[in-house]
Amino acid sequence: MKLTEFTTAASDYAAHVDALFILLSVVSGAVVALVAGLITYFLIRYHKGSGAPRGETPERLDREIEIGWTAATSFLFLFLFWWAASRQLSALATPEPALEIHVVAKQWMWRIQHPSGAREIDELHVPVHTNVRLIMTSQDAIHDLYLPALRLKQDVLPDRYTYLSFNATKTGVFHLTCAEFCGTDHSVMAGRLVVVTPEEYSRWNAAVPEGDDLAHQGKALFLSLGCSGCHTPGSTVHAPDLKGVYGSAVQLADGRTVTADEAYLRDCILLPDKNRVAGFPPLMPNFSGAVTPGQVISLVAYVKSLSSQSVDTGQGASP
Ligand code: HEC
Ligand SMILES: [Cu+2]
């Protein structure tokens, strides 16, 4: 399959960005033409020795032009701002339900994990006309995922999740690249966004080996890392039962109440001091350094799967 050129718009959002860009260019072009035209006109009309009148302009005319010009341009640019801002905000909102795909950036590759457990490197397969939500983190430096055909770009940071949501409207192969200088081989950190039909996507998922889905990988880690030793009801350590934690409101020892989302679960594993749960001894160990970002993703997927059987973990991720 051939890579489509950068300028293709493969989503509704991209089409809006393009329309906005064209309008902005036209408006800016018109302002440049007007100013340059007036400069040229005045240059000729008022050159030294020309007989053009040089007295004061009538005050009334002066004021009307001033107010009219200021008001017209303010409204125009406020309208452009409103349009751009409302589009951007709607692109940040996550439509539910969405296919959640994990992206881990590292020097110098993109590692992608699908809910089915399928993994790929420097390629991102997504179904067309489907809400997709990328959950991204970095293993080292700051990277930036850039999908030109979708007009989307988002920093990918270590120790933090960032997100991108989109709904591709065109099948094809598009550019995927890193847009943040991240070290010597930054320039090779490029790949392909492959938008396929939903049927092809399921076929592709089934064809990729690795079989086990994220939640199952997470469950294996949960046992091998010793999480289950404390977090199993009836263990000698007084630790919270993780069933139903995801999506719930958690009361913390410092008085805050937070919603247990992915970022919260991740922080519990890597930065336990940040969120000590109220009513329990502060015994949750710090696993940073002991687990890779990919393993954290699997652990979080497992804890999520304990809360609902309907999560997008593919084939029955029940505990
Ligand atoms: C030594 C016992 C112990 C081990 C091992 C342990 N935990 Fe914990 N965990 C706790 C305790 C105690 C708390 C609650 C108090 C706190 O926050 O420190 C907790 C809190 C949590 C929370 C927050 C729960 C809530 O109700 O908000 C999560 C999520 C969690 N642990 C996940 C894990 C994972 C995943 C592992 C394995 C990588 C693990 N824990 C290993 C003892 C443990
Ligand atoms: Cu990079």
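Sequence order as written defines the numbering, with residues in each chain counted from 1. Lettering of chains starts at A and numbering of ligands starts at 1, both following the order in which they are written. Reporting in this predicted model follows two pLDDT cut-offs: at least 70 for local features of residues, and 80 or more for side-chain atom pairs to be given and counted; totals over whole chains, interfaces and linings ignore these cut-offs and use all residues. Side-chain metrics rest on all non-hydrogen atoms present in the structure, leaving aside hydrogens and water.

Draft legend 1. Spatial organisation of the environment of threonine 232. Numbering of helices and strands runs from the N terminus, with a helix taken as a DSSP run of H or I at least four residues long and a strand as a DSSP run of E at least two residues long. With respect to the element layout, threonine 232 can be found in the loop between helix 5 (227–231) and strand 11 (249–251). Accessibility here uses a 1.4 Å probe with only protein chains present; expressed as a share of the type maximum, an area under 20% marks a residue as buried, one over 50% as exposed, and anything in between as partly exposed. Judged by its relative accessible area of 38%, threonine 232 is partly exposed.

Draft legend 2. Geometry of the site of ligand 1. The cutoff for a nearby residue is simple: one of its non-hydrogen atoms must lie within 4 Å of the molecule or strand. Ligand 1 sits among 26 residues. The nearest are Cys227, Cys230, His231, Tyr264 and Met284. Side-chain atoms alone can form a polar contact between residues adjacent in sequence; in general such a contact is a pair of N or O atoms within 3.5 Å, and within protein one must be able to donate a hydrogen while the other accepts it. In this structure, histidine 231 approaches ligand 1 through a side-chain N or O atom, which is 2.8 Å from a nitrogen atom. With respect to ligand 1, the side chain of arginine 276 contributes an N or O atom lying 2.5 Å from an oxygen atom. Per element, the largest residue contribution to the shell around ligand 1 is four residues, and it comes from helix 6 (residues 262–270). Each residue receives one of three labels: charged for Asp, Glu, Lys and Arg, nonpolar for Ala, Val, Leu, Ile, Met, Phe, Trp, Tyr, Cys and Pro, and polar for the others, Gly being one of them. Split by residue class, the shell around ligand 1 holds 21 nonpolar, four polar and one charged.

Draft legend 3. Structural detail: the sheet that holds strand 8 (residues 162–167). Any two strands between which DSSP finds at least two bridges are classified as paired. With mixed pairing, five strands are arranged side by side in an open sheet as 3-2-1-5-8. Only two strands of the sheet have a single neighbouring strand rather than two, namely strand 3 (119–121) and strand 8. Put simply, the sheet's adjacent strands are angled 25 degrees from each other on average, direction ignored. Between N-to-C directions, angles span 0 to 180 degrees; the directions come from axes that are lines fitted to C-alpha atoms, helices contributing only their stretch in contact.

Draft legend 4. Representation of the packing of helix 6 against helix 7 (residues 293–305) in the model. Contact pair helix 6 / helix 7: the axes reach a minimum separation of 10 Å and the direction vectors enclose 120 degrees. Overall, the two elements helix 6 and helix 7 adopt an arrangement that is oblique. The handedness of the crossing between helix 6 and helix 7 is right-handed. Facing Glu262, Leu265, Arg266, Ile269 and Leu270 of helix 6, the residues of helix 7 in contact are Val296, Leu299, Val300, Val303 and Lys304. Throughout this description, any angle smaller than 35 degrees is read as roughly parallel, any larger than 145 degrees as roughly antiparallel, any in the 65 to 115 degree range as roughly perpendicular, and the remainder as oblique. Two helices cross in a left-handed way if the nearer one is turned anticlockwise from the farther one by less than a right angle. They cross in a right-handed way if the turn is clockwise. It only takes one pair of heavy atoms within 4.5 Å for two residues to be counted as in contact.

Draft legend 5. Molecular detail of the coordination of the iron atom of ligand 1. Ligation of the iron atom of ligand 1 by protein atoms is provided by His231 (NE2) and Met284 (SD), these donors lying 2.0 Å from the ion. Counted as donors are the N, O and S atoms within 2.8 Å of the metal, or 3.2 Å for Na, K and Ca, while water is not among the atoms, so some sites may look incomplete. Just to be clear on the cut-offs, tetrahedral is four donors with all angles between 85 and 135 degrees, square planar is four donors and octahedral six with opposite donors over 155 degrees apart and all others between 65 and 115, and anything else goes down as irregular. Here the iron atom of ligand 1 is ringed by six donor atoms whose angles at the metal span 88 to 179 degrees, and the overall shape comes out octahedral. Here methionine 284 lies in the loop between helix 6 and helix 7 and histidine 231 lies in helix 5, a separation of 53 residues in the sequence. Judged by its relative accessible area of 15%, histidine 231 is buried. Given a relative accessible area of 27%, methionine 284 falls into the partly exposed group.

By themselves, these observations are geometric and do not establish any function.
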